[in-house]
Each structure stands twice: as C-alpha cells, then as structure tokens.
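# Summary of the model geometry
Take a look at the letters that make up each chain.
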Amino acid sequence: MAEKRNEELIAESAAVINHPEITAAALTEQEEIYKENIIDHYKYPRNKKELSQYTCSRTESNPLCGDKISIYLAVDAGKITEISFQGHGCAISQASASMLTEHSKGMSLSSVASFTEKDVQSLLGIPLSPIRMKCAILSLKTIHKALEELK
Amino acid sequence: MAMKTNEIENKSVPTIVPVEEDFPILKTLINGKKLVYLDNSATTQKPKQVIAAMTHFYEHCNANVHRGIYTLSRQATEAYEKSRQIIADFIGASFDEIIFTKGTTESLNLLASSLGKKLQPGDEIVLSEMEHHSNIVPWQQIAKEKKCILKYIPLTAEYTLDLEKAKKIINSKTKIVSVTQMSNVLGTINPITELARIAHAVDAVLIVDGAQSVPHLPVNVQELECDFLAFSGHKMGGPTGIGVLYGKRKLLENMEPFLYGGDMIREVSFDNASWNELPWKFEAGTPSIAQAIGLAAAVQYLQNYGMDKIVEHEKKLTAYALQKLSTIPGLKIIGSAHLDNRGAIFSFTLDGIHSHDVSEILDREGIAVRGGHHCAMPLMSRLQLPGTTRASLYLYNTEKDVDALVTGLKKVQKVFA
C-alpha cells in the first residue's frame, strides 16, 4: 500500500523530474547523429585553413567544452568571396564549420547574416540535443560576430 | 518500514550485502542498456541508507534548528549536530572545527574571503597547476583585490607536483598554500604532509581541497597536518547542497565570518552585532539540515564498508583498468601509469576523436563518462589539450564496468574508422 502511494507521488512529480523514456531501445537510424556525411566532413574538413588574405577574422569558443573556432572572411562588393576556418572541437562543431563555410562561399553578406540555428540543423541533417546544438552553431555564431565587425 | 524517530542516528549498515544492491539507481536502464556509471569525480550515486535517512528526517523530524524549544525542533537540532560529530570523527577533527557549507567550492570561497581580509600587498598565495577552478578563481579575485601574488607549483613529467620547485616557490612572503589532495583530472594523490611542513616552516597555512580524496581515502587531518580541509557531500554518496570546511580551532577563532545573517550571530543591536561561537559563527541562515543528516548517513555507510576496503577495491580496479585501457590503440592516459599515489580517475585522449563524441557514443551503451576540461582549464592549457574523456570509479564499480568501457571505446573507434 505504502509502496503504491510512493509510485503515484513519483508519477505526480514527473513534471519536475523530467524522466524521459530512458528505458527505450537503442537509437533508430533517423536519430543517429554520426552519419556518414558528418564523419566525412569531420575527417576531411573543407576550407580548414587560414586565408592568406582576408578582410576580417574572428575567434569564438564554447566555454562548456573548450571548442574553439576561428573564421576568416574575404569580402568583395557585399559578397563573401572566400571563407575558411581553423580550430578544434567535436565532430558536430567541426562538420558544421566545414559545411557552413562551403555553403556560404559566394553568398551575399545579408543572406549569411540571416542564417539561423534551423539552417545549420538542416545543413547537418541530424537531430540535435540542446547541448549539442551549442556545438553545431559555434561556427555560425563566429561568422555572425565577424560580420558585425565589418559593419 | 517506518523507523522510530531516533533510529536515524543509529542505523547500522550490514557489510555483507553486495554493494551494488545498496544503490538503486544502478539498476536503471539507459538507452536500453544497464547503467555503467563512471562519472564519480563529478558526483556519486546515493545508497538507500542515505535516501532513507533524508526521507525519514522529512517525514518525522523536520523543523528548523537552533530555534524552537518544541520537541520537533529539538530533535532536528540533535540530528543536525550529531551529524556534525559523525563527520568530525570521520576525519579526526573536533566538533567545533566542522563548518557546514554548500560544498567544496563554498568552503574555499569562505577561506579566500575570510583569510583574504588579513592579506597585505605583496603577500604570496601558492597553488598548484593541477587545481580545479574552485581552488584558483577565489584566490585570483582576492589577489587582485589585495595586490597579492599568485604562484603555482608546477607538474613533473609524471603528472605529480614538483616538490623541489615547491620548496623554492614557498618562501617567507607566502601566507597561504592551497592544493588538492587528489587531482580530479589526473588522479594524482599529492604528498600533503610534506607540503604542510614546507608551508609551516615559513608560517603559511596549508589548505587542502579534499573533494576527490575524502570520498576515496582514509583522511585524518591530524596525520595530514593541514590547517584547513574542504570537501563535498555529494562526491561521497551524500546529497548535493552540503559540504564541509574543517579548520584548526585557533585559526577559525581568529577569522572573520564569511556570510552574515541568522544563526551566526550572538547579539544584534541597530548599530552592531557580535558573532556566535564556533562552528556556528560561519553558518549564516537556516542550514541544509536534511542534507547534513544525509551526509552523516553517507559517512556511516563508508565507515561500515571500511575506507581501507575502498582503497583496496579501487587499487585493484585501477590496476585492471590501466592494463585494459593500454590495449586500445590510439588511447593515451593523461596521468600516472603507476599504481602508487594515484586514484581510480582515468583521463585519456583517443586519437582523432573529440571527448564529447566519445561521451556521446558511450552514452548509447549506457556508459556515463565526462568529456571536456573538467573545470581545470589552466591544467588543460599546461598539458596543451583541449580536453580529455574521464572515467572515474567508486566502490560500486566492478571489473565488468571497466570491460564495458573498453568495449564501448572500441565501438567509438568503429564509428570514426
């Protein structure tokens, strides 16, 4: 009797103790974040170098995990003519920097400035927990800061 | 099921019961796999005895302490103060030398604030390169405020403290030496007694960060010869929100309070106040009563199990883990490979794979490890590492857990192959 009451109380407290379905089976393929393209961009990052000539650069870090990314931008006539990155971090932060630099090359400053978290997520094509989202958007944050400096 | 009111203090723990049985959470399934909990340096799991003691307090004894003369308040006060005595006995201290805080961080902040009031410009504070942020930042702040100089005892290539250099760094200007007894990153156990003697030779005080050592080693403040010892309840089977500052009575008596408010005062007028006696002088506001009782229950649990047995168990596991981990290609242990003077904390790097990716993939196997800088960014920069993956063990871990970790790490390498 006492045991049952306790269980009921725990169920009622679930609103406070968010207890997700941790007993569920392993991740489905759709939930897998270490997809082939992520690993590929991590192992063979595109645009990972310091530009020999750039208009501006900016370095940002994620204090939680120590990830660090520097972005180098070459700008001409309101467009990004060259973009590269340097730094270190997890597969998600490195892959997103690689994809994002690839994606934004040749784009106008204003369209890159309007990129959102959602855009990064769709570039990566994987579901991200809030904590890994921070890894994913570090390069975007750094690009945005660099763009602000240009103003 | 319900205990009588005063049983809270006398609950004995049968030592024959397999340890795992005492920790309900270890039966939890994570991602369909049995939990393998290897993040004990961050926090430990709680035995049933601790959970029961706290539940019992809330169900039968809850009242504020040092206030009412009614029965319940008296019982709460007795349980709270009895907890203090149990903890004092555990580390070889006296009742009035045990101050309850929120945890190690608050204990160290208390010291920096209170000892800091007496520092003069040019005075030196000596720390070590392997300190946790909580034993660096409070000193940095007080050093800036008081124009004092911070110095660090460097590491040797073997991840130990360089004692020869320590002897030179600690000089007549040194007023405070504050070091960890066990590194939360490297697992290194430091020679506290030797450091205490070096510090005392120049009339400096020696502060010990015992957050990682008190849960795992028999710690006696008399044998250590330290002046202060700070530790946390939640890293030794107790609840969060409770920690301890031990200080030698003479030193505590000469120190100013840290926080001001209720409980820590003797008398208050509109213009002035005088302080309560030790240890309450340093405990402002309603304390964490149930947490103190929970911590005492954790201490009793560890005592019944036997601190020597914990050392023996963790030594065996350390030998096993070091051997097993060394078979993984591309894995580098950041810490001593020798069994002497190290605890069961294993920081490592895996070639080409970031610690967060390691942690995430291990999590799918139900294995909880920590990735990152472990609140020791200066140490990481000294070692030129962005971070490490860390597995830290406790009394309920077994060789099976180490095997699960090794199998998990091989899976991690497969994902990145």
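Only a predicted model underlies this, so the values are computations on that prediction, with no experimental measurement involved. (Residues numbered from 1 in each chain as written. Chains lettered and ligands numbered in written order. Predicted model: local features only at pLDDT ≥ 70, side-chain atom pairs only at ≥ 80, totals over all residues. Heavy atoms only, no water.)

### Points about the domain arrangement of chain B
Residues and elements named next belong to chain B.
- Annotation of chain B at the domain level lists domain 1 (59–303) and domain 2 (307–415).
- With 29 residues of domain 1 at the contact, the number on the domain 2 side is 30 residues.
- For the pair domain 1 and domain 2, the summed buried surface comes to about 2,400 Å²; carbon and sulfur atoms form 61% of the total.
- Between domain 1 and domain 2 we count one salt bridge in total.
- Of the residues assigned to the side of domain 1 that touches domain 2, the class counts are 16 nonpolar, nine polar and four charged. (Domains from an automatic or database assignment. Contact = heavy atoms within 4.5 Å. Buried area = accessible area lost by both parts, 1.4 Å probe. Salt bridge = Lys/Arg side-chain N within 4 Å of Asp/Glu carboxyl O. Nonpolar A, V, L, I, M, F, W, Y, C, P; charged D, E, K, R; others polar.)

### Details of the sheet that holds strand S13 (residues 331–333) of chain B
All names here are of chain B.
- Here we have four strands laid out as an open sheet, ordered S13-S14-S17-S16, and antiparallel in their pairing. In this open sheet, the two edge strands, each paired with only one partner strand, are S13 and strand S16 (370–372). Each strand axis lies, on average, 30° off the axis of its neighbour in the sheet, ignoring direction.
- Inspection of the sheet shows S13 paired to strand S14 (residues 345–350) by three bridges, in the antiparallel sense. Looking at the pairing, Ile333 lines up with Phe348 of S14.
- Running over the sheet, helix H11 (residues 307–325) touches S13 and S14 and is turned about 5° from S14. (Pairing = 2+ DSSP bridges. Helix = DSSP H or I, 4+ residues; strand = E, 2+ residues; numbered from the N terminus. Axes fitted to C-alpha atoms, helices over the stretch in contact; angles between N-to-C directions.)

### A short note on the environment of Phe282(B)
All names here are of chain B.
- Topologically, Phe282 is positioned in the loop between strand S12 (273–275) and helix H10 (289–305).
- On the basis of relative accessible area, Phe282 is assigned to the buried category, the value being 5%.
- For the pair Phe282 and Ala52, spaced 230 residues apart in the sequence, the C-alpha separation amounts to 29 Å.
- With near-sequence residues (within four places) excluded, Phe282 lies in contact with Ile99, Leu110, Ser114, Leu252, Met255, Glu256, Pro257 and Phe258. (Buried < 20%, exposed > 50% of the residue type's maximum accessible area, 1.4 Å probe, protein only.)

### Some thoughts on the nonpolar core
- Membership of the largest hydrophobic core comes to 83 residues, with the highest contact counts inside it found for Ile91(B), Leu186(B), Leu206(B), Leu229(B), Met236(B) and Leu395(B).
- Built from parts of two domains, this core gets at least three residues from each of domain 1 (59–303) and domain 2 (307–415) of chain B.
- Contact partners of Leu395(B), with chain neighbours within four places excluded, come to Val19(B), Phe23(B), Tyr301(B), Tyr305(B), Ile310(B), His313(B) and Glu314(B).
- Listed in part, the 62 residues of the second largest apolar core include Ile38(A), Ile71(A), Ala95(A) and Ala146(A). (Core = buried A, V, L, I, M, F, W, Y, C linked by side-chain atoms within 4.5 Å.)

### Quick word on the packing of aromatic side chains
Residue and element names in this part refer to chain B.
- Tallied over the entire structure, the rule returns 10 aromatic pairs over all chains.
- Judged by centre distance (5.7 Å) and plane angle (90°), the ring pair of Phe23 and Tyr301 falls under edge-to-face. Residue Phe23 is found in the loop between helix H1 (7–10) and strand S1 (29–30), and its partner Tyr301 is found in helix H10; the two are separated by 278 residues along the sequence. There is no split in this pair, since Phe23 and Tyr301 are both buried.
- A ring pair is formed by Phe95 and Trp280, whose centres lie 6.1 Å apart and whose planes are at 65°; its orientation type is edge-to-face. One end of the pair, Phe95, is in the loop between helix H3 (71–91) and strand S4 (98–101); the other, Trp280, is in the loop between S12 and H10, and 185 residues separate them in sequence.
- Seen from the ring of Phe95, Arg84 lies directly overhead, with NZ or CZ sitting 5.4 Å from the centre.
- When the ring centre of Tyr305 is taken as origin, the NZ or CZ atom of Lys309, which lies over that ring, is 4.5 Å away. (Phe/Tyr/Trp six-rings, centres within 6.5 Å; stacked < 30°, edge-to-face > 60°. Lys NZ or Arg CZ within 6 Å of the ring centre and 35° of its normal.)

### Topic: the pairing of strand S5 (residues 124–128) of chain B
All names here are of chain B.
- Of all five residues in S5, five are buried, a share of seventy percent or more.
- What you see with S5 is no split at all: Glu124, Val126 and Ser128 on one side and Ile125 and Leu127 on the other are buried throughout.
- Between the parallel pair S5 and strand S6 (residues 149–153), the chain is carried across by helix H5 (residues 137–146), and the sense of this crossover is right-handed. (Right-handed = clockwise from strand over helix to strand, strands pointing away.)

### Brief notes about the sheet that holds S5(B)
Residue and element names in this part refer to chain B.
- Judged by pairing direction, the sheet is mixed, and its seven strands sit side by side in the order S4-S10-S9-S8-S7-S5-S6 without closing on themselves. Two strands bound the open sheet, and with one partner strand each, they are S4 and S6. If you compare each strand with its neighbour and ignore which way they point, the axes differ by 20° on average.
- Pairing of S4 with strand S10 (residues 243–247), which is carried by four bridges, proceeds in the antiparallel orientation. Bridge assignment links Ile99 to a residue of S10, and that residue is Leu245.

### Re the layout of surface pockets
- Within this model, the second largest pocket holds a volume of roughly 650 Å³.
- Around the second largest pocket, the lining comprises 23 residues; the ones closest to its centre are Ile131(A), Ser359(B), Glu360(B), Asp363(B) and Val369(B).
- Elements that contribute at least two residues to the lining of the second largest pocket include exactly helix H6 (130–136) of chain A together with helix H12 (355–364), strand S15 (367–368) and S16 of chain B.
- For the lining of the second largest pocket, the leading source of residues is H12(B), giving four residues.
- For the lining of the second largest pocket, the per-class residue count stands at 11 nonpolar, six polar and six charged. (1 Å grid on protein atoms, 1.4 Å probe; cavity = no way out; pocket = protein on both sides within 12 Å on 5 of 7 lines; lining within 4 Å. Points joined across faces, edges and corners; volume = space filled by probe spheres on them.)

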